[in-house]
Amino acid sequence: MDIVEAIRSRKSIRGYKPDPVPKEVLREILDIARRSPSAINTQPWNVTVVTGEVLDNIKKGNIEMLTAGVEPHPDVPNEPYEGIYKQRQVDLAVQIFKLMGIAREDREKRAKWRERGFRFFDAPAAIILSIDRSVDKLSSHLDIGAIVQTICLAALNYGLGTCIEDQGIIFPGVVREFTRIPESNKIIISIAIGYPDWDFPANKLETGRESLEDFVTWCGFA
Ligand SMILES: Cc1cc2nc3c(=O)[nH]c(=O)nc-3n(C[C@H](O)[C@H](O)[C@H](O)COP(=O)(O)O)c2cc1C
């Protein structure tokens, strides 16, 4: 797949077919993604790939935490957004709820939708990225961003869809219980991955972006 086409066509997939993703395919994607850049080539990423019973247990554990009303306590605290950023978050939710036929006041359906995120949108596999706490610095977080985007783009080449998500790892204790990620690693982010169910309404979402005029400053040009 052409790189520009891949960048333009990538979108978050929140509904998957149940078909498993072969380990060999996931291996190939990660083998491509390990070429991602990182600060002074530190390659701080630890990648944990989960499927089958392990993923089922994490999904179940996350839902149990939610149902019990446990406050999320991610390894990297997520501060609430404000202003225009909050507005964009709201706009996204409005778009998704519209596609899913969820009314604003329908608390039950909204809660069910929230649960989907904690179940990795029912994807058959998930990729969890963590870093050693000794390299817990801005550059490592940027490096994780680089490999995450590379994984998502490479996945397209295999007909796979992805959704980068913090919902899946917001209860890191659950993830640690069923994986071998040690306390000495900070869990940063996860990616749901699988074959897209194109009939799933939320997958029809086309998110907008600001125009270049709104966020680019040109300096020194004629
Ligand atoms: C760091 C990060 C965390 C995200 N967490 C979630 C999440 O928890 N749940 C979710 O539905 N989408 C999540 N997303 C996906 C974004 O909502 C999505 O990328 C954004 O709305 C743009 O849409 P697009 O990916 O379809 O282009 C996350 C994306 C990023 C980069």
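Further up the page is the structure itself.
Residues numbered from 1 in each chain as written. Predicted model: local features only at pLDDT ≥ 70, side-chain atom pairs only at ≥ 80, totals over all residues. Heavy atoms only, no water.

Participant: Lay out the pattern of salt bridges in plain terms, naming residues and giving numbers.
Facilitator: Within this structure, the stated rule accounts for twelve salt bridges. With its nearest N and O atoms 2.6 Å apart, the salt bridge here joins aspartate 75 to arginine 176. A residue pair is termed long-range when its members are at least 10 positions apart, and aspartate 75 in the loop between α3 (52-67) and α4 (83-100) and arginine 176 in helix α7 (residues 172-178) qualify at 101 residues. Judged by relative accessible area, aspartate 75 falls into the buried class, the value being 15%. Note that lysine 112 and glutamate 115 form a salt bridge whose closest N and O atoms lie 3.8 Å from each other. Placement of both lysine 112 and glutamate 115 in helix α5 (residues 107-118) is noted, with a separation of three residues, approximately one turn of the helix. Judged by relative accessible area, which is 17%, glutamate 115 ranks as buried. (Salt bridge = Lys/Arg side-chain N within 4 Å of Asp/Glu carboxyl O. Helix = DSSP H or I, 4+ residues; strand = E, 2+ residues; numbered from the N terminus. Buried < 20%, exposed > 50% of the residue type's maximum accessible area, 1.4 Å probe, protein only.)

Participant: Summarise the site of the ligand; cite the residues concerned and give the values.
Facilitator: Lining the immediate environment of the ligand, one finds 14 residues, of which Ser12, Arg14, Asp166, Gln167 and Arg209 sit closest. Isoleucine 164 places a main-chain nitrogen or oxygen 3.0 Å from a nitrogen atom of the ligand. Taking glutamine 167, its side chain carries an N or O atom lying 2.9 Å from a nitrogen atom of the ligand. Contact with the protein chains hides 69% of the accessible area of the ligand, taken as 620 Å² for the molecule alone. Considering every element that reaches the shell around the ligand, the biggest residue donor is strand β3 (residues 161-165), with three residues. Along the lines of polarity and charge, the residues of the shell around the ligand split into five nonpolar, three polar and six charged. (Near = heavy atom within 4 Å. Polar contact = N/O pair within 3.5 Å; in protein donor to acceptor, adjacent residues only side chain to side chain. Areas by Shrake-Rupley, 256 points an atom, 1.4 Å probe, with all protein chains shown as cover. Nonpolar A, V, L, I, M, F, W, Y, C, P; charged D, E, K, R; others polar.)

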